[in-house]
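Working through the structure, step by step
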Amino acid sequence: MTLHTPKITGAQGRPVIRQLDEAAINRIAAGEVVERPASAVKELVENALDAGASRIQVDIADGGKTLIRVTDDGCGMTAEDLPLALSRHATSKIDGSDLLDIRSFGFRGEALPSLGAVGRLTITSRAEGDAAQIACEGSRLSPVKPAALTRGTVVELRDLFFATPARLKFLRSDRAELQAVTEVIRRLAMAEPLVGFTLRDVTGGEARTLFRADPASGDLFDALGSRLASVIGRDFTDNALRIDAERDGLRLQGYAALPTYSRGSSAQQYLFVNGRPVLDRMLYGALRAAYFDVLSRDRHPAAVLNLIADPQRVDVNVHPAKAEVRFREPDAARSLIITALKSALTGAGHRASSTVGTATLDAFRPEHVRVYQMDRPSPASFARAFAFQAPQTLEGFAEAPQASTFAPPNEEKAQPHDEQPKAHPLGAARAHLHENYIVAQTATGIVIVDQHAAHERLVYERLKRQQAETGIRAQALLIPEIVDLSPTDAARLLDAAPALAEVGLTIEPFGGSAVAIRETPAILGPVNGAALIRDILDELADSGDSTLVRAKIDAILSRMACHGSVRSGRQMRPEEMNALLREMEATPLSGQCNHGRPTYVELSLHDIERLFGRR
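Residues numbered from 1 in each chain as written. Predicted model: local features only at pLDDT ≥ 70, side-chain atom pairs only at ≥ 80, totals over all residues. Heavy atoms only, no water.

1. Section: the overall build of the protein
Filter applied, for reference: Numbering of helices and strands runs from the N terminus, with a helix taken as a DSSP run of H or I at least four residues long and a strand as a DSSP run of E at least two residues long. Burial status follows relative accessibility: with a 1.4 Å probe on protein chains alone, a residue under 20% of its type maximum counts as buried, one over 50% as exposed, and anything between as partly exposed. Any two residues whose heavy atoms approach within 4.5 Å are treated as being in contact. Only the protein chains shown count as cover for residues, and all accessible areas are computed by the Shrake-Rupley method using a 1.4 Å probe.
The helix and strand tally for the protein stands at 19 helices and 23 strands. Taken across its 615 residues, the protein has 47% of its residues classed as buried. Within the protein, contacts between residues at least 6 apart in sequence are counted, and of these 68% link residues at least 24 apart. For the protein, the computed accessible surface area is about 32,400 Å², with 52% contributed by carbon and sulfur atoms.

In structure tokens:
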């Protein structure tokens, strides 16, 4: 065996343990805390929020590489506090007695000294009396001196990574760094809707506002809704459901979008824990699991959710940038997210995203629509026109009854107009086009329904209800299938065995690290047990839970619903169309098919009139 040569050797030919100087310690700490300009902005803005600021302004130049300036109106610091603020592990946010009772963004006391180690840092602050200023360049402090400032704190960081020029080579373009900074501000603005945020690009000496969010007012949901409308867009808030659920000492609040408002990526998923933006795989997995029955795998839900828990039940000190957290009872947090979102989606009934109708109108709308001024004649003009165009009454001729366009042969009583549009949300059927699309009139416009997609969802929900009532039948294998796993995988799988048994998959230990598959869900038919187990293990490793078996069962139910539903090309009678509309109104999740596509499009009369230039 070849002995490895130590990578660090001293005078005696062996590694020597050394005590690093303060400057090296700070630069190493900065490597963990300050990855890029966006990391520095995050730390400084979080400090401002912890100081109770109601307005925060961030100015950056060259993507934050040459200048980052954060101005706030918080409580500020005294001249005596400034040197201590630039000392490592000095903080006003905790006393060190309990690292699990953390109620602020920051708590380690590393951000400011780390920034001062890799850049040119200047802090001007005023708490009581006169303002004071201190500078730090490459971990070298300058004396505190008087300054001019009305209130709050101004932290200015210039020439980021000047002390570690090698780090500059790993930064991306100014544009990319600017986008990263903007995303940090957007996330913090969503976490704190009562605080005003402004982001400006001052490159070249001219200030250009990139982002602005004024302090919102009202209760939590009103303030959050207003803030989300300005940050994400009005389309999101118009098509999102309010979430407010509490269980086992945990509370979930926020907004979750309808399935038909799904996105092509997870870019509109924002999760917070006690107001702290986090990127936690378990939480994102729970969000995905809540929507898995209403979205195809290539679509992603949109949501802004804040999970509120006692700080004693959440450990935020597990990641250098505090981007991940660890829950004392992760199953409770996951269960709350899934249950709350599924309950809200079910309660939405047949509601579908309004953006579907907007996209339809955009497809119809010509590039240039001229608005005609004569479209709204006066009542007197209407009366004269009607009198002039009225047919003369001829003796011996009675007014011919208008033939119903929708009356089927030999069924004169089956009139779709018998239904009253105002009595139902999806209106009354008025036409059947191309043997697939139902056109219904509502009180405020029209609805176009895809009969196959709508009925497929209705049958699917009916099959799921029947299965929930009778349970998932399992079939025992004549010869149990033995699967050899690693000890870690076997332990992880057996921990999930009770949950898997509920969906008909029974597994037992079989000596060593092997497991035996005793039963499989009958509805799946013959299965490759080893492949199924390994797919389940992949899900368990990724999100801590597996919905694979449930998803496979639901996929079969979905295929059964597809084959058992009204097919495209079938002519429907008026009473059948209206019956379908009424069942849609009474069935949860009927606004989208089994694959997440909309089952109907609603067009308002106002938008239709705009198509014809009448508005």
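2. Structural notes on the packing of helix H9 (residues 281–291) against helix H10 (residues 330–347)
Quick reminder of the rule: Axes here mean lines fitted to C-alpha atoms, for a helix over just the part in contact, with angles spanning 0 to 180 degrees between N-to-C directions. What sets the label is the angle itself: under 35 degrees gives roughly parallel, over 145 gives roughly antiparallel, 65 to 115 gives roughly perpendicular, and the rest give oblique. We call a crossing left-handed when the near helix sits turned anticlockwise from the far one by less than a right angle, and right-handed when that turn is clockwise.
Contact pair H9 / H10: the axes reach a minimum separation of 9 Å and the direction vectors enclose 30°. In this view, H9 runs roughly parallel relative to H10, as classed from their interaxial angle. Considering how the two elements wind past one another, H9 and H10 form a crossing that is right-handed. Side by side, H9 and H10 meet where Met282, Leu283, Gly285, Ala286, Leu287, Ala289, Ala290 and Tyr291 of the first sit next to Pro330, Ala333, Arg334, Ile337, Ile338, Leu341, Lys342 and Leu345 of the second.

3. Notes on the sheet that holds strand S21 (residues 506–509)
Here is the rule: Being paired, for any two strands, means DSSP has found at least two bridges between them.
An order of S20-S22-S21 is seen for the 3 strands of this open sheet, with the pairing classed as antiparallel. The two strands at the open ends of the sheet, each matched to only one other strand, are strand S20 (474–484) and S21. When strand polarity is set aside, the average angle formed by the axes of neighbouring strands in this sheet is 20°. Where S21 meets strand S22 (residues 514–521), 4 bridges bridge the pair, whose relative direction is antiparallel. What sits directly across from Pro509, in S22, is Val515.

4. Things to note about the nonpolar core
Proteins that are soluble and globular tend to have nonpolar side chains buried together. The following threshold applies: Definition used in this section: a nonpolar core is a set of buried Ala, Val, Leu, Ile, Met, Phe, Trp, Tyr and Cys residues joined via side-chain atoms within 4.5 Å.
Counting residues in hydrophobic clusters, the biggest one holds 60 residues, and the most contacted among them are Val45, Ile56, Val58, Leu121, Ile123, Phe197 and Phe236. At 9 residues, the largest contribution of residues to this core is made by helix H6 (residues 174–191). Contacts of Val45, omitting those with residues within four sequence positions, involve Ile56, Val58, Val70, Ile185, Leu188 and Phe197. Core analysis: the next-biggest nonpolar cluster, separate from the first, contains 40 residues, Ile102, Ala286, Val294 and Leu336 among them.

5. Details of the packing of aromatic side chains
For clarity, the threshold we go by: Put simply, two rings from Phe, Tyr or Trp (the six-membered ring, in Trp's case) pair if the centres are within 6.5 Å, and we call them stacked under 30 degrees between planes, edge-to-face over 60, tilted for the rest. To sit over a ring, a charge needs its Lys NZ or Arg CZ within 6 Å of the ring centre and within 35 degrees of the ring normal.
The final tally for this structure, using the stated rule, is 2 aromatic pairs. Judged by centre distance (6.0 Å) and plane angle (80°), the ring pair of Phe221 and Tyr255 falls under edge-to-face. Remark: Tyr255 occurs in strand S11 (residues 250–257) and Phe221 occurs in helix H7 (residues 220–231); sequence separation between them is 34 residues. The buried category is assigned to Phe221, whose relative accessible area is 11%. By relative accessible area, Tyr255 is classed as buried at 6%. Lying over the aromatic face of Phe162, Arg120 brings its terminal NZ or CZ to 3.9 Å of the ring centre. A cation over a ring is seen here: Arg263 above Tyr261, with NZ or CZ 4.1 Å from the ring centre.

6. A few points about the sheet that holds strand S18 (residues 437–441)
Strand order in the open sheet formed by 4 strands is S17-S18-S19-S23, and the pairing between neighbours is antiparallel. For this open sheet the edge positions go to strand S17 (428–433) and strand S23 (600–604), each flanked by a neighbour on one side alone. Strand-to-strand twist across the sheet, computed as the mean angle between neighbouring axes with direction ignored, equals 20°. With 5 bridges connecting them, strand S19 (residues 445–450) and S23 associate as antiparallel partners.

7. Some points on the side chain of Arg186
Definition in use: By the criterion applied in these results, polar contacts are pairs of N or O atoms within 3.5 Å in which, for protein atoms, one can donate a hydrogen and the other can accept it, and in which residues neighboring in sequence qualify only through two side-chain atoms.
Within the secondary structure layout, Arg186 lies in helix H6. With a relative accessible area of 16%, Arg186 lands in the buried category. At 2.9 Å, the side chain of Arg186 forms a polar contact with the side chain of Glu183. Here Arg186 is in contact with Phe211, Val231, Ile232 and Tyr270, once residues within four sequence places are set aside.

8. Some points on the environment of Asp554
Along the chain, the position of Asp554 falls in helix H17 (residues 548–564). Take Asp554: its relative accessible area is 7%, and that puts it in the buried class. Considered as a pair, Asp554 and Ile523 are 31 residues apart in the sequence and their alpha carbons are 9.9 Å apart. In this structure, Asp554 is in contact with Phe292, Asp293, Tyr460 and Lys464, ignoring residues within four places of it in sequence.

9. Let's talk about the pattern of salt bridges
Definition in use: Salt-bridge detection follows one rule: a side-chain nitrogen of Lys or Arg within 4 Å of a carboxyl oxygen of Asp or Glu.
With the rule as written, the count across this model stands at 27 salt bridges. Across the pair Glu585 and Arg582 runs a salt bridge whose closest N-O atoms are separated by 2.9 Å. In this pair, Glu585 and Arg582 both sit in helix H18 (residues 574–586), 3 residues apart, roughly one turn of the helix. Both residues of the pair, Glu585 and Arg582, belong to the buried class.

10. Here's the deal with the packing of H6 against H7
The condition that has to hold: Residues are sorted three ways: Asp, Glu, Lys and Arg are charged, Ala, Val, Leu, Ile, Met, Phe, Trp, Tyr, Cys and Pro are nonpolar, and all the rest, Gly among them, are polar.
Between H6 and H7, the least distance of the axes is 9 Å, while the angle of their chain directions is 165°. It follows that H6 is roughly antiparallel to H7 by the angle criterion. As H6 packs across H7, the resulting crossing turns out to be left-handed. Here H6 contributes Arg186, Ala189 and Met190 to the contact with H7, which in turn contributes Leu224, Arg227, Leu228 and Val231. Taken together, the residues that form the contact of H6 with H7 break down as 5 nonpolar, no polar and 2 charged.

11. Here we look at the pairing of strand S14 (residues 303–308)
For a regular strand, the rule is simple: side chains alternate between the two faces of the sheet. Here S11 pairs with S14 via 6 bridges, running antiparallel. The partner of Arg251 across the bridge, within S14, is Ile308. With 5 bridges joining them, strand S12 (residues 269–273) and S14 adopt parallel strand pairing. When the sheet's bridge partners are listed, Leu271 is paired in S14 with Leu305.

By themselves, these are just geometric observations and shouldn't be taken as functional.
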